[in-house]
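# Overview (structure and organization)
If you want the building blocks of each chain, they are given just below.
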Amino acid sequence: QVQLVESGGGLVQAGDSLRLSCAASGRTFSSYAMGWFRQAPGKEREFVAAISWSGGNTYYADSVKGRFTISRDNAKNTVYLQMNSLKPEDTAVYYCAADGAVRPWDPKRYYSGMEYWGKGTLVTVSP
């Protein structure tokens, strides 16, 4: 069983930065791609960013490209999402997710989601 626990959410002002963390346990973390998704109030969940097992490949939604950075530390079984220049429209519950299989890097497949999910952490950006 895979456990993913997010932390780092909170209330910030527009233009501020925030770093989310996701601690993983339950299997060989370093073998699988990881990702971040978000769900704003009244909206469907959307893809934010993904990172390959090694950290050598990353992929971002257009809405966050240039502002957010996904990274991972396989020694700590942790994936991060550094969020800069936050906007009110970034307000959402952010979810960490993990791929369910070892596979070639193909980030567009993750638009539909990943297999394992954390419970989420709320990020609120005030104007």
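In case you missed it, the structure is sitting above this.
Below: a short report on this structure. (Residues numbered from 1 in each chain as written. Predicted model: local features only at pLDDT ≥ 70, side-chain atom pairs only at ≥ 80, totals over all residues. Heavy atoms only, no water.)

### Observations concerning the sheet that holds strand β1 (residues 3–7)
- Strand order in the open sheet formed by 4 strands is β1-β3-β8-β7, and the pairing between neighbours is antiparallel. Both edges of this open sheet fall to β1 and β7 (68–73), since each of them pairs with a single strand only. For this sheet, the mean angle separating the axes of adjacent strands, direction not counted, is 15°.
- Here 6 bridges tie strand β3 (residues 18–25) to strand β8 (residues 78–83), and the two strands are oriented antiparallel to one another. Bridging from a neighbouring strand, Leu20 pairs with Leu81 of β8. (Pairing = 2+ DSSP bridges. Helix = DSSP H or I, 4+ residues; strand = E, 2+ residues; numbered from the N terminus. Axes fitted to C-alpha atoms, helices over the stretch in contact; angles between N-to-C directions.)

### Some remarks on the pairing of strand β9 (residues 92–98)
- Among the 7 residues in β9, 6 count as buried, and that is most of the element.
- Both strand β4 (residues 34–39) and β9 contribute to a ladder of 6 bridges, which runs antiparallel. Looking at β9, one finds that Trp36 is bridged to Cys96.
- Across 2 bridges, the pairing between β9 and strand β10 (residues 116–117) is antiparallel. Counterpart to Ala98 in the pairing with β10 is Tyr116. (Buried < 20%, exposed > 50% of the residue type's maximum accessible area, 1.4 Å probe, protein only.)

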